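# What the coordinates show
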Amino acid sequence: MPDPLPDDIAPLVSTASAPPGTERHPAGLKTLIMTEGGLAFSMYGFESLLVLYVVNHLLKPDVLPHVWGMSAFLPFVQALYNAHTPNALAAAITGLFLALIYVTPMLGGLLADWRLGRTRMVLIGGFLLIAGLICLAIDQTFLIALALLLLGLGCTRGILPAQVGALYAGDDPRRADAYQLFVLGIQVSVIVSPALCSTVAQNISWHAGFLTAGIGMLVGLCFYFIGRRHLPTDTIAGHTHKKVRLTATEKRTLLILFAILPLLAVATISNTDIFNGYLIWADRYYQLTFLGYNMPASWLVSMDGFVSTFTVLGIVAFWRVWNRYRSDPGEMSKIIIGSMICTIAPSILALGAWIQPGPHHISLAWGIAFHLVNDVGFGLCYATGMALFSRAAPQAVNSTVVAAYSLHLFLGNLLVGKIAGLLGSLSSPVFWLLHVVLAMAATTLLWLFARVFRRELSRQA
């Protein structure tokens, strides 16, 4: 895989810690970006294949009976989502799995804070992910693979962002910039991984595509092992044998942060749907012939990564220029702006589906416009929200709370697993307008929430 840190970003990462207010970042940031890049290559590679693999291969009558444990698991999913068609079942299984991968990081954060430490947890998680992707390459061990992947992602997803925050003092203005660069490492991997993994899957087999995704985690794990000396020393609360007591202010802050999560989940629903209903819809309605080649629908995830790489760079550059002439608007204001932009994205798909109805009639120009607008909005929401949680969370439970930030993606995927099942019963324009209405309602509530808790959510709080 290519270096997740582009040449124009690498000069920002120094080999030693820099004082607050300068443009250079600690060396540990590069280690974490490289590791997250490898993790993202692995995660986005298999996620871009998952729903299509389930609907086009796993649920086939000659394959499904041989999957271990599926005779008990499938009725559970059918009852939970009222899903009985192949599309609805694939969306439900994918939505449930993608939701749960944002719950297990909380458990990983607790273990890291209280028992094992962050570095050890990441190393354990990397090995679990590699084992899970090997099992995913075998039809019979599909459910075992999902369990291993859930555990592995639980050990890594929340820990790596928390380690980024630990590189900086609480008032260091480089913190938000660091998280944008951290997210950029993810975006670069997304450009390569889905296109490569889906091409391998199409030309060789689904199983080979999943194994290709595992290469990314192996490379990322090697970078983490070599560069772990640049990371802050782990502080394990459980070793103090003292019960950590949060102050009343800290408890109130935690309640406020957790109350934001469901609003973020609904506000960014069109982005969450990209790995689920959107891929099923795109496979049916987009014109996917490119230079005479019928490209896999999963290539759209790579296109999204390509577009979002530039939108992240644009966001970083925009706020740097803005801060030279005006005061920073604050994290909640940036989140609300991003949420407002997110409401526009699905309306583009609704318009495209109305103008060009019918299977394989919709031009990819509509898709490019959707990804461009969506990536700007989600980029503002996600990275800024991560910075808000890292700054505001009490230090005694910081890893756990930063990991809990992923709960908005858990809630979003649960919702998407249900909404994607409506693809067969709603017309395309109505399906995407439903996303618009939900996002608009969440944005309004976020704005009201920010006004009520303005003092608590400010940097001075």
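The structure we're discussing is the one just above.
In short, a report on the structure.

Procedures and definitions
Per-chain numbering applies: the sequence of each chain, read as written, is numbered from 1 onward. Note on the predicted model: pLDDT of at least 70 is required for a residue's local features to be given, and 80 or more for side-chain atom pairs to be given and counted; whole-chain, interface and lining totals, by contrast, use all residues. The side-chain values count all of the structure's non-hydrogen atoms but skip hydrogen atoms and water molecules. Here a pair means two rings of Phe, Tyr or Trp (six-membered ring of Trp) with centres within 6.5 Å. Their orientation is stacked below 30 degrees between planes, edge-to-face above 60, and tilted elsewhere. Under the DSSP-based scheme used, a helix requires at least four consecutive residues in state H or I and a strand at least two consecutive residues in state E, with every element numbered from the N terminus. Burial classes follow relative accessibility: with a 1.4 Å probe on protein chains only, a residue under 20% of its type's maximum area counts as buried, one over 50% as exposed, and anything between as partly exposed. Among buried residues, those of type Ala, Val, Leu, Ile, Met, Phe, Trp, Tyr and Cys that are joined through side-chain atoms within 4.5 Å constitute a nonpolar core. Only heavy atoms matter for contacts: two residues are in contact if any of them lie within 4.5 Å across the pair. Expected helix span is computed as 1.5 Å times (number of residues minus one). Candidates for patches are residues over 30% relative accessible area with no salt bridge; among them, like charges are joined within 9 Å and nonpolar side chains (Val, Leu, Ile, Met, Phe, Trp, Tyr) within 5 Å. In this description, accessible areas are obtained by the Shrake-Rupley approach with a 1.4 Å probe, and a residue is regarded as covered only by the protein chains that are shown. Salt bridges are counted wherever a side-chain nitrogen of Lys or Arg sits within 4 Å of a carboxyl oxygen of Asp or Glu. For every element, the axis is a line fit to its C-alpha atoms; helices are fit only across the contacting stretch, and the angle between N-to-C directions ranges from 0 to 180 degrees. For classification purposes, angles smaller than 35 degrees are called roughly parallel, those larger than 145 roughly antiparallel, those between 65 and 115 roughly perpendicular, and all remaining angles oblique. The hand of a helix crossing depends on one turn: near helix anticlockwise from the far one by less than a right angle means left-handed, and clockwise means right-handed. Three residue categories are used. Nonpolar comprises Ala, Val, Leu, Ile, Met, Phe, Trp, Tyr, Cys and Pro, charged comprises Asp, Glu, Lys and Arg, and polar comprises the others, including Gly. Cavities and pockets are defined on a 1 Å grid built over the protein atoms alone: a cavity is a set of grid points where a 1.4 Å probe fits but cannot escape, while a pocket is an open set with protein on both sides within 12 Å along at least five of seven lines, and lining residues are those with an atom within 4 Å of any such point. Grid points are joined across faces, edges and corners, and a volume is the space filled by probe spheres set on the points. Polar contact is defined as a pair of N or O atoms within 3.5 Å, subject to the rule that within protein one atom must be able to donate a hydrogen and the other to accept it, and that residues adjacent in sequence are counted only when both atoms are side-chain atoms. For this text, the term disulfide refers to a pair of cysteine sulfurs within 2.5 Å.

## A few points about the packing of aromatic side chains
Summed over all chains, the structure comprises 23 aromatic pairs. Measuring from centroid to centroid gives 6.0 Å for Y53 and F142, while their planes differ by 45°, and the two rings are tilted. Of the two residues, Y53 is situated in helix α1 (residues 27–58) and F142 in helix α6 (residues 142–156); the sequence distance between them amounts to 89 residues. Both residues of the pair, Y53 and F142, count as buried. Members of the aromatic cluster, each reached through a chain of ring pairs, are Y278, W281, Y285, Y286, F370, F431 and W432.

## As for the nonpolar core
By size, the foremost hydrophobic cluster in this structure holds 141 residues, and its most contacted members are F46, F142, W281 and Y286. Looking at which element gives the most residues to this core, the answer is α1, with 16 residues. Other than its neighbours up to four places away in sequence, Y286 contacts Y278, W281, L300, L349, H360, I362, S363, L364, W366 and G367.

## A few points about helix α18 (residues 428–452)
A rise of 1.5 Å per residue sets the reference length of α18, with its 25 residues, at 36 Å; its end C-alpha atoms lie 37 Å apart and thus fit the reference within 8%. Within α18 the residues assigned to the buried category are S428, P429, F431, W432, H435, V436, A439, A442, T443, L446, F449 and A450.

## As for a nonpolar patch on the surface
Where nonpolar side chains cluster on the molecular surface, the patch consists of L351, W354 and I355 and spans about 340 Å² of accessible area. Structurally, L351 can be placed in helix α14 (residues 331–355). Residue L351 is classed as partly exposed on the basis of its relative accessible area of 38%.

## Section: the side chain of T443
Residue position: T443 is located in helix α18. Residue contacts for T443: discarding those within four places in its chain leaves I336, S339, M340 and T343.

## Details of the packing of α14 against α18
In contact at an axis separation of 8 Å, α14 and α18 are set at 165° when each is read in the N-to-C sense. The angle between the axes of α14 and α18 places the two elements in the roughly antiparallel class. Crossing hand, α14 versus α18: left-handed. Between α14 and α18, the contacting residues are M332, I335, I336, S339, M340, T343, P346, S347, L349, A350, A353 and W354 on the first element and S428, P429, W432, L433, H435, V436, A439, M440, T443, L446, W447 and A450 on the second. When its residues are assigned to classes, the contact of α14 with α18 shows 18 nonpolar, six polar and no charged.

## Some details on empty space enclosed by the protein
Following the criterion strictly, the structure yields two cavities of 30 Å³ or more and no others. Looking at the largest cavity, it is lined by 24 residues, and the ones nearest its centre are Y44, Q187, N271, F275 and F378. Contributing elements (two or more residues each) for the lining of the largest cavity: α1, α8 (174–203), α11 (269–272), α13 (299–325), α15 (364–392) and α17 (407–419). Within the lining of the largest cavity, the residues separate by chemical class into 13 nonpolar, seven polar and four charged. Of the pockets and cavities examined, the second largest cavity occupies roughly 70 Å³.

## Quick word on the side chain of D304
Looking at the secondary structure, you find D304 in helix α13. Since its relative accessible area comes to 9%, D304 is described here as buried. A polar atom in the side chain of D304 sits 2.7 Å from the side chain of H371. The residues contacting D304, other than those within four sequence positions of it, are I274, H371, N374 and D375.

## Observations regarding the state of the cysteines
All told, the structure shown has zero disulfides when counted by the stated rule. C197 carries a free sulfur, and the closest cysteine sulfur to it, the one in C135, is 17 Å from it. Its sulfur unpaired, C381 is 4.6 Å from the next cysteine sulfur, which belongs to C342. Assessed through its relative accessible area of 2%, C381 is described here as buried.

## Quick look at the packing of helix α4 (residues 104–116) against α6
Viewed as axis vectors pointing N to C, α4 and α6 meet at an angle of 50°, and their least axial separation amounts to 7 Å. The orientation of α4 relative to α6 falls into the category oblique. Crossing geometry of α4 relative to α6 is assigned as right-handed. On α6, the residues touching T104, P105 and G108 of α4 are L150, L153 and G154. Across the contact of α4 with α6, the residue classes tally to three nonpolar, three polar and no charged.

## Some remarks on the pattern of salt bridges
As enumerated under the stated definition, the model contains two salt bridges in all. A salt bridge links D328 to K334; the nearest nitrogen and oxygen atoms lie 3.1 Å apart. Among the ionic pairs, E331 bridges to R391, the shortest N-O distance being 2.7 Å. Here E331 is found in helix α14, whereas its partner R391 is found in helix α15, with 60 residues between them in sequence. The same class applies to E331 and to R391, which are both buried.

## Concerning the environment of Y81
Considering the arrangement of structural elements, one finds Y81 in helix α2 (residues 70–81). Overall, Y81 belongs to the buried group, its relative accessible area being 7%. Separated by 333 residues in the primary sequence, Y81 and L414 have C-alpha atoms spaced 9.6 Å apart. In contact with Y81, other than residues within four places in its own chain, are A92, G95, L96, L414, G417 and K418.

## Details of α4
Over its 13 residues, α4 runs only 16 Å from end to end, short of the ideal 18 Å by more than 12%, given 1.5 Å per residue. Looking one or two places after α4, you find G117, whose phi comes out positive at around 90°.

Honestly, it's all geometry; don't read function into it.
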